[in-house]
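Structure assessment
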Amino acid sequence: MGITYQEPFKAFRFLVEVESGGVAVAAFSEFSGVKMEVDTVQARSGNDNRGVQEYIPVLTRFAPVTLTKGVVGDNDFLDWLFSAAAGPETGPSGANLRRTLNIVALDDKGNRGVTWSLKDALPIGYELTPMSGGRSEVLSESLTFAITGMERITHEPPQP
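Everything in this summary refers to the structure shown in the same document. (Residues numbered from 1 in each chain as written. Predicted model: local features only at pLDDT ≥ 70, side-chain atom pairs only at ≥ 80, totals over all residues. Heavy atoms only, no water.)

What the protein contains, in helices and strands, is one helix and 10 strands. Taken across its 160 residues, the protein has 28% of its residues classed as buried. Considering only contacts within the protein whose residues lie at least 6 apart along the sequence, 62% involve residues at least 24 apart. When the accessible surface of the protein is totalled, it reaches about 10,600 Å², and 52% of it is carbon and sulfur. (Helix = DSSP H or I, 4+ residues; strand = E, 2+ residues; numbered from the N terminus. Buried < 20%, exposed > 50% of the residue type's maximum accessible area, 1.4 Å probe, protein only. Contact = heavy atoms within 4.5 Å. Areas by Shrake-Rupley, 256 points an atom, 1.4 Å probe, with all protein chains shown as cover.)

Let us look at a nonpolar patch on the surface. There is a patch of nonpolar side chains on the surface, built from Val-34, Met-36, Val-38 and Met-150 and spanning about 310 Å² of accessible area. With respect to the secondary-structure elements, Val-34 resides in the loop between strand S3 (30-32) and strand S4 (36-44). For Val-34, a relative accessible area of 37% corresponds to the partly exposed category. (Patch = residues over 30% accessible without salt bridge, like charges linked within 9 Å, V, L, I, M, F, W, Y side chains within 5 Å. Salt bridge = Lys/Arg side-chain N within 4 Å of Asp/Glu carboxyl O.)

Bringing the environment of Lys-69 into the picture now. With respect to the secondary-structure elements, Lys-69 resides in strand S6 (residues 65-70). Sequence separation between Lys-69 and Phe-28 is 41 residues; the distance between their C-alpha atoms is 4.5 Å. Beyond its immediate chain neighbours, meaning those up to four positions away, Lys-69 contacts Ala-27, Phe-28, Ser-29, Asp-74, Leu-139, Ser-140 and Glu-141.

Now for the packing of aromatic side chains. Under the criterion given, the structure shown has four aromatic pairs. Between the aromatic rings of Phe-28 and Phe-77, the centroid separation amounts to 5.1 Å while the plane-to-plane angle is 90°, which identifies the pairing as edge-to-face. Of this pair, Phe-28 sits in the loop between strand S2 (22-26) and S3 while Phe-77 sits in helix H1 (residues 76-84); the two residues are 49 residues apart in sequence, bridging distant segments of the chain. Comparing Phe-28 with Phe-77 shows no difference in burial state: the two are buried. Connected via pairs of aromatic rings, a cluster forms that spans Phe-28, Phe-77, Trp-80 and Phe-145. The positively charged end of Arg-99 is found above the aromatic ring belonging to Trp-80, 4.4 Å away from the centroid. (Phe/Tyr/Trp six-rings, centres within 6.5 Å; stacked < 30°, edge-to-face > 60°. Lys NZ or Arg CZ within 6 Å of the ring centre and 35° of its normal.)

This brings us to the pairing of strand S9 (residues 140-146). Counted residue by residue, S9 has six buried out of seven residues, so it is predominantly covered. Note: S6 against S9, six bridges, orientation antiparallel. Residue pairing in the sheet places Lys-69 in a bridge with Glu-141 of S9. In this structure, strand S8 (residues 112-128) lies alongside S9, joined through six bridges in antiparallel fashion. Pairing of Leu-128 across the sheet is with Glu-141, part of S9. (Pairing = 2+ DSSP bridges.)

See the structure below:
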């Protein structure tokens, strides 16, 4: 039998870990975009006497994911993006461009519940929310990552 939690996880209780030598933890206010699709082709099996087409998986696609946070003095993620981008006279300069991003849903007590481990994350985009004198919300920046795989890990609930 699988691991069961009594209550669903809350969307606002999560943390982000980046694996690359060590583990860096960052505070983000929003995470979106986990989407996986399996492309198929239809074909009739050679021994099918009914004439029914089967679905055969051929390609798996992962949509880019986006992390959003308030603008603070931390440049680690932006430096990672710049290392993947072309410089003024050269191509990408980073040696460790692809990393694993772990998005961890926490239970009400802050314990790990479910982790989405996003494989080979590569920073591919940056967006700053508009600045306006008529707005009062926090200035936010979003980073977009291409991924090539995903694993969903359910952690054992803590014993009472």
